[in-house]
Each structure stands twice: as C-alpha cells, then as structure tokens.
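One letter stands for each residue in the lines below.
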Amino acid sequence: MSTREIPAGDRFDWYSDIVSSEVMPAALSCERPTAFQGEAAVLDLGEIRAARFSLSPLRSRRTASMIRRGDPEEYQLALLRKGATSLSQHRSECTIGAGDLMLWDTSRPSDNRMHATGGEAQATILMLPRDILPLRTRRLDQVLARRIPGDRGMAAILASFMTSLEDHGAECTPEELRRLSRTAVELAAACLAQEVDAEGLLPAEVRAQGLVQRIHAFIEHNLGDPELDPAAVADHHHISVRTLHQLFHGQGEGVHARIRRRRLEQSRADLADPALRGRPVGAIAARWGFSGPVVFSRSFREAYGVSPTEFRALSFFELATDRVMGREAQRARLPSC
C-alpha cells in the first residue's frame, strides 16, 4: 500500500485507518500530517510474513484496550534500514539506528517513535506467530525493546538474510518461500537465543541450521584466503571435518564445492566488471583465493565452458554492442528535420 495516490491532506488519516483495520489497532500521530508519506508491502512466506515499511516520522502506540480490540499475537522482529526508532515495552526502552534489530510483542502495550533520515525511515520486519519460536516467553521477554546490534554474530547473519529477503523474495516460487520461512524462523530463534544466552535450549536442528549459516558467512568473508578449505572451516568453528561434512549433508553441495562455486562466481563478476578491465586475470584469480592462474583457468572453463580471458572479451563485446544498440535506438527516437 502507498499514500502516493492519496490527496496530501488525507494521507495520514488514510494510512492510520489502514494500519488499525488491516494490521492491528494502534494510535498513530505525526507532527506534519499533510507532509506524511508512507509505503508498505507484505510478503507471505506461509508460516510467517515479512513486511517492508518506508515512512515519514511518526509515533505508534498500543494500549491494553487496543490489544483487546485486535491482536495478531505475534512477535515482530525489525531490521532498521534507514533512520532511527525508539521503543518502550515491558519495562524496557531502547533506541536503534540503521543496521540494528529489535523485538516487540504485539500482545503487550508499546510506544514506538520512528525518526527519519532524509525524510523517511525504512524497516524490514519479520512477523512471527507467538508459538513458532522455540523459546519460552520469559526468555523472549528479556530481549523486548532491547537494541540488538546487527553487525556481529547471528544478528549480522539474520540482518543479511532479511535484506536479501526484501530485495529478492518477490522473485521466489511458493515452495522457495516456504523454505525461506523455515530458515527465517531458525535464524531469528538462533539470534534471539544468543542475545539471552539460551542457545543450548534450542532444538538440535535449529542449532545446526544456525551453525551452518555462521559457516556460510565465514566462507564468504574468507574466500580470498588460499588456505580456506574444509579443515580450516572446521577448525575455526571447533568441530571435526567429519561433523562439518555431516552438517552440509542435504545442503545440495559440500563445503569444498561451495567454496569453489563462490570463488568462481566472484571471479566471474570481476571479469565482467568494466571498472576492473585493466586488472590482470591472474590478479583476479589471486584475489579470490585460487592457487594459480592454471588452476583458475581450468576451473573456470569447467564451470562456464570458456576460459577467463574469453569470458572477459565476450562480456566487453556484449557491453559495447548494448551501448551501440542503445545509441541507435536513441537516434531512431529523435524527430527528423
């Protein structure tokens, strides 16, 4: 939904009515109602939903009487993408900035103030039914209205997942969305459990999924290290190589295959980048952890059917052709004299 097509004088009241009737009863207030802009989109993943919001500064309050009138009975876990927001709930209060996360309970009174940067605040929110998280209420109460820094640990992995979900979730099939729903719940549970030091209380499969996601993040950050291999990954995470391979069983590819694929994908992107046209192929291979140009060339040809040099030449030829075609199309649109 969007206020774009609504007359300026009616936008805030229209948005407030939509939120109270379609989401949950809430008292919204805004210092400049006639200048208010708001957009929201919801992605249905099956068991849970993910929402994207872009809003002018506002205040949202939920009282006990409003909760009695309507309650989705959810935990809502927000990743702030832009701006700042302050939340007060259950005798706790926090202010978070872009990149941070926070949790609130729709079944408890709350007071939320969104502050804009450059005119608007943006957030991605996971809407999680109260019974879907494998943690007791008293544990989750400890993290309500508490800033969760999104730059480390499981919170950083969850934030990356939520960002990708917002950017690409609409392109997924229903079956893919169902799988993403399970992943979202497992990552959210692992993140919140880490915040309250309760990781040992999670089901074994949830702990395993959290560990797999940490391993994926470790691999991404260390692709350029030529020493990165299954043994190094296992050693960093204090598990045996055998346990590592067991974790990846059923993932679709093993640890070594994932490292190789991601190195090739990153190298391929560099070779197609016009800004890196002057960088030698060997330097690109070294950047992404290949032991030498011969190994890189052989692996690249096996994956893509052409050598790195041939791929780069084809990429630039296609780019040049696209530019020429674009200029020709532009000339065709020009009025004749």
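Residues numbered from 1 in each chain as written. Predicted model: local features only at pLDDT ≥ 70, side-chain atom pairs only at ≥ 80, totals over all residues. Heavy atoms only, no water.

Engineer: Is there a simple way to explain the pairing of strand β2 (residues 38-44) in this structure?
Structural biologist: In regular strands, side chains alternate between the two faces of the sheet. Sheet topology places β2 next to strand β3 (residues 49-55); seven bridges connect them, and they run antiparallel. Considered in β3, the bridge of E39 is made with S54. As consecutive antiparallel partners, β2 and β3 are separated by four residues, and within that stretch G46 has a phi angle of approximately 105 degrees, a positive value. (Pairing = 2+ DSSP bridges. Helix = DSSP H or I, 4+ residues; strand = E, 2+ residues; numbered from the N terminus.)

Engineer: Hey, could you run me through the nonpolar core in this one?
Structural biologist: Within soluble globular proteins, side chains that are nonpolar generally end up buried alongside one another. If you look at the biggest cluster of nonpolar residues, it comprises 40 residues, and the most contacted ones within it are L77, L101, L126, L128, L133 and L192. Broken down by secondary-structure element, the contributors of at least two residues to this core are β5 (74-82), β8 (101-105), β10 (121-129), α4 (153-168) and α5 (174-195). Counting residues per element, this core draws most heavily on α5, which supplies 10 residues. With residues up to four places along the chain from it excluded, the contact list for L133 reads Y75, L128, L140, V185, A188, A189 and L192. Counting residues in hydrophobic clusters, the runner-up holds 25 residues, among them L28, A51, A78 and A145. (Core = buried A, V, L, I, M, F, W, Y, C linked by side-chain atoms within 4.5 Å. Buried < 20%, exposed > 50% of the residue type's maximum accessible area, 1.4 Å probe, protein only. Contact = heavy atoms within 4.5 Å.)

Engineer: I keep staring at helix α8 (residues 241-248) and nothing clicks. Help me out?
Structural biologist: Because an α-helix packs 3.6 residues into every turn, residues spaced three or four apart end up facing the same way. Buried within α8 are the following residues: L244, L247 and F248. Looking straight down α8, one finds that the buried residues subtend no more than 95 degrees of arc, so they occupy a single side. Taken together, the buried residues of α8 touch α6 (204-221), α7 (230-236) and α9 (255-271). Just past α8, the residue G250 takes up positive phi, approximately 90 degrees. (Arc of directions from axis to C-beta.)

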